[in-house]
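One letter stands for each residue in the lines below.
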Amino acid sequence: MKIAVIGSTHAGTAAVTNMAKLYPEADITVYERNDNVSFLSCGLALYVGGVVNDPQGLFYSSPEELQNLGVTMKMQHDVEHIDTVRRTIEATNLVTGEKIHDTYDKLIMTTGSWPVTPPIEGIGLDNILLAKNYHQANTIIERAKDAQKVTVVGAGYIGVELVEAFEKAGKDVTLIDGAGRILNKYLDEEFTTMVENDFKARGIELAMNETVQHFEGTNGSVSTVTTNSGTYETDLVILCVGFRPNTDLLKGKVDMLDNGAIKVNEYMQTSDPDIFAAGDCCAVPYNPTGGHMYIPLATNAVRMGTLAARNLIEPTMKHVGTQGTSGLHIFDLNMASTGLTETSAQLLGIHVKNITIEDTHRPAFMPTAEKVMLKVTINPDSRRILGAQIISKADVTQSINTMSVCIQTGMTIDELAYTDFFFQPHFNQPWNFLNKAGLEAQSQEPQRLPELV
Ligand SMILES: Cc1cc2nc3c(=O)[nH]c(=O)nc-3n(C[C@H](O)[C@H](O)[C@H](O)COP(=O)(O)OP(=O)(O)OC[C@H]3O[C@@H](n4cnc5c(N)ncnc54)[C@H](O)[C@@H]3O)c2cc1C
């Protein structure tokens, strides 16, 4: 059996390492246009900020390691065409220019995503950079050396992580976003306001509700960013305005969402039975709505890559769906979210009820007890949990993983009230704040209790 894999970062590497063990007789070939595999972009801001000094730690595999598993590694090979009828691949060796023709019995599409680059006037100027792969991380580090004024466009989690890194490096940082607040896809306003206030207190300029209209340059290098509301001087711009799935190779050949994300069934199989797909090039089954969503995360990529390998010959293990669970540490604040927020529910037209509680993460008699804010989003009729968000100076983010399981298993807020969680004063309180959210939900609807006779 000939297996071709296109792309080897997280989804591809997960698929390849599993397939090499599961199907030792198979002839596996990996095509990767880059010169490395498995770069952890999640460490990019930490690397830029100097927290990670040895970039080798940001790779958990290498072409040599995969080669040693018996896999043929075609590094710096760009796949340019796939014929899904004849099951052939055309690629170019980016070093020699040589054209390669290959065939496959099974194809694993793990081509991931690429940062969106809007057609803004001046976007081609020098020092307007993207933040995705290892080479781009090194370019950012290099260019930042001579830059004092740094502008980050896009206030999603990558943008805010870079803002923190640049502020810590002593740069003058401006953060621009067309939305009214930062992190608006992950957290509701009461959470993001806390982070924004922290940013402002540190002198970071927030330009929310502003869209970039054009960049201007001096000697070919960017010098100003003009939005619909103002002009900002800058030495360096990092664009982090989202990702688009890299799926042009299969356009019109397999089913996709409108944004080009490949639709896979619960076994990671596309609408072409010989093609499996995983990671950022795919849409994922999203449990809070029961539909498909585009949620490009490394967590989804490694799970899907592993499942594509396991299900390649016959369906064995289903994808359990995702909640889009994510966490962040920005300056002194730890935050995490899973499933729907009040904002995302509104955007999707889903009627929800929200329960917010404030607590301390452990008893007041302890030397420190940090405030915690937890918000749980539920279906008001079924009372099923659909989402949760948390923020604190204490690291209580793992509780959002617990909430992710609650959503996945269809737990109600009433069951959460009485779920067994441990208590130990170092860590929490006799009533865990997750229980308290359930109790609060019940106290808001006392009529749900049976009448005493
Ligand atoms: C700065 C940053 C921080 C992040 N932080 C987190 C985090 O904290 N947690 C989290 O869960 N996720 C995080 N992510 C998201 C995570 O990195 C992605 O979800 C993950 O990289 C997806 O892996 P993938 O293998 O599906 O795709 P990609 O990482 O996009 O890799 C696709 C690979 O395919 C190759 N390729 C594409 N087309 C071709 C072709 N035609 N021929 C040959 N090769 C091709 C590419 O070169 C690439 O190596 C972060 C992303 C960024 C950019």
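Described in the following lines is the structure provided in the data block. (Residues numbered from 1 in each chain as written. Predicted model: local features only at pLDDT ≥ 70, side-chain atom pairs only at ≥ 80, totals over all residues. Heavy atoms only, no water.)

### Quick word on the site of the ligand
In the vicinity of the ligand lie 32 residues, with Thr9, Glu32, Lys132, Asp280 and Leu297 positioned nearest. At a separation of 3.1 Å, a nitrogen atom of the ligand approaches a polar backbone atom of Arg33. Thr110 places a main-chain nitrogen or oxygen 3.5 Å from an oxygen atom of the ligand. Every element with two or more residues in the shell around the ligand is listed here: helix H1 (10–22), strand S2 (27–32), strand S4 (77–83), helix H5 (157–168) and helix H7 (298–310). Of the residues that constitute the shell around the ligand, the class distribution is 15 nonpolar, 12 polar and five charged. (Near = heavy atom within 4 Å. Polar contact = N/O pair within 3.5 Å; in protein donor to acceptor, adjacent residues only side chain to side chain. Helix = DSSP H or I, 4+ residues; strand = E, 2+ residues; numbered from the N terminus. Nonpolar A, V, L, I, M, F, W, Y, C, P; charged D, E, K, R; others polar.)

### Brief notes about the sheet that holds strand S24 (residues 371–378)
Pairing in this open sheet of five strands is antiparallel, and the strands run S21-S22-S25-S24-S23 from one edge to the other. Every other strand in the sheet has two partners, leaving strand S21 (326–330) and strand S23 (353–360) as the edge strands with one partner each. The average undirected angle you get between the axes of adjacent strands in this sheet is 10 degrees. As defined by bridge partners, strand S22 (residues 333–339) adjoins strand S25 (residues 385–392) across six bridges and the pair is classed as antiparallel. Considered in S25, the bridge of Thr338 is made with Ala388. Across the face of the sheet, helix H6 (residues 189–201) comes into contact with S21, S22, S23, S24 and S25 while running at roughly 145 degrees to S24. Sitting on the sheet, helix H9 (residues 398–408) touches S22, S24 and S25, and the angle it makes with S25 is about 175 degrees. (Pairing = 2+ DSSP bridges. Axes fitted to C-alpha atoms, helices over the stretch in contact; angles between N-to-C directions. Contact = heavy atoms within 4.5 Å.)

### Structural notes on the pattern of salt bridges
Evaluation of the coordinates by the stated rule reveals 21 salt bridges. Here Lys145 makes a salt bridge to Glu142, at a shortest N to O gap of 3.1 Å. The exposure class assigned to Lys145 is exposed, which follows from its relative accessible area of 56%. Owing to a relative accessible area of 45%, Glu142 belongs among the partly exposed residues under this scheme. The salt bridge involving Glu190 is made with Lys375; its shortest N-O contact spans 2.7 Å. On the criterion of sequence distance, the pair formed by Glu190 in helix H6 and Lys375 in strand S24 is long-range, its members being 185 residues apart. (Salt bridge = Lys/Arg side-chain N within 4 Å of Asp/Glu carboxyl O. Buried < 20%, exposed > 50% of the residue type's maximum accessible area, 1.4 Å probe, protein only.)

### Concerning empty space enclosed by the protein
Counted under the stated rule, the structure contains one cavity of 30 Å³ or more. A volume near 60 Å³ is recorded for the largest cavity. Along its surface, the largest cavity is lined by Leu183, Tyr186, Leu187, Ser326, Gly327, Leu328, Met335, Ala336 and Ser337. Breaking the lining of the largest cavity down by element, the ones donating at least two residues are S21 and S22. The residue inventory of the lining of the largest cavity, partitioned by class, reads six nonpolar, three polar and no charged. (1 Å grid on protein atoms, 1.4 Å probe; cavity = no way out; pocket = protein on both sides within 12 Å on 5 of 7 lines; lining within 4 Å. Points joined across faces, edges and corners; volume = space filled by probe spheres on them.)

### Structural notes on the environment of Ser271
Tracing the backbone through its elements, the reader meets Ser271 in the loop between strand S17 (243–245) and strand S18 (275–277). Measuring from C-alpha to C-alpha, the distance between Ser271 and Asp255 comes to 5.8 Å, with 16 residues separating the pair along the chain. Apart from residues lying up to four places away in sequence, Ser271 is in contact with Lys253, Val254, Asp255 and Lys263. Here Asp255 takes part through its backbone nitrogen, which lies 2.8 Å from a polar atom of the side chain of Ser271.

### Details of the layout of surface pockets
Considering only enclosed or pocket space, the second largest pocket measures out at about 1100 Å³ in volume. Elements represented by at least two residues in the lining of the second largest pocket include exactly H5, strand S11 (172–177), S22 and helix H8 (342–348). Split by residue class, the lining of the second largest pocket holds 27 nonpolar, 15 polar and four charged.

### Description of the packing of aromatic side chains
Evaluation of the coordinates by the stated rule reveals eight aromatic pairs. A ring pair is formed by Phe39 and Tyr134, whose centres lie 5.6 Å apart and whose planes are at 50 degrees; its orientation type is tilted. Note that Phe39 is positioned in the loop between S2 and helix H2 (44–48) and Tyr134 in helix H4 (residues 134–144), a separation of 95 residues in sequence. Taking relative accessible area as the criterion, Phe39 reaches 4% and is therefore assigned buried. Here Tyr418 and Trp431 contribute two aromatic rings whose centre-to-centre distance is 6.5 Å and whose plane-to-plane angle is 70 degrees, an arrangement assigned as edge-to-face. (Phe/Tyr/Trp six-rings, centres within 6.5 Å; stacked < 30°, edge-to-face > 60°.)

### Here's the deal with the side chain of Lys106
In this structure, Lys106 sits in strand S7 (residues 106–109). For Lys106, a relative accessible area of 16% corresponds to the buried category. Beyond its immediate chain neighbours, meaning those up to four positions away, Lys106 contacts Met1, Lys2, Ile3, Ala4, Pro273, Asp274, Phe276 and Leu312.

### Considering H4
Every buried residue of H4 is listed here: Tyr134, Gln136, Ala137, Ile140 and Ala144. One face of H4 carries all of its buried residues, which in axial projection span an arc of 165 degrees. Summarising the contacts, the buried residues of H4 are in contact with H2, strand S8 (113–115), strand S9 (128–130), H5 and strand S16 (236–239). Where H4 begins, the side chain of Asn133 points an oxygen toward the backbone nitrogen of His135, at a separation of 3.2 Å. (Arc of directions from axis to C-beta.)

### A few points about H7
For an α-helix the count is 3.6 residues per turn, leaving residues at separations of three or four pointing the same way. With 13 residues, H7 ought to run about 18 Å at 1.5 Å a step, and its terminal C-alpha atoms sit 18 Å apart, in line with that. Residues Asn300, Ala301, Met304, Gly305, Leu307, Ala308 and Ala309 constitute the buried set of H7. On its buried side, H7 packs onto H1, S7, S18 and strand S19 (284–286). (Expected span 1.5 Å × (residues − 1).)

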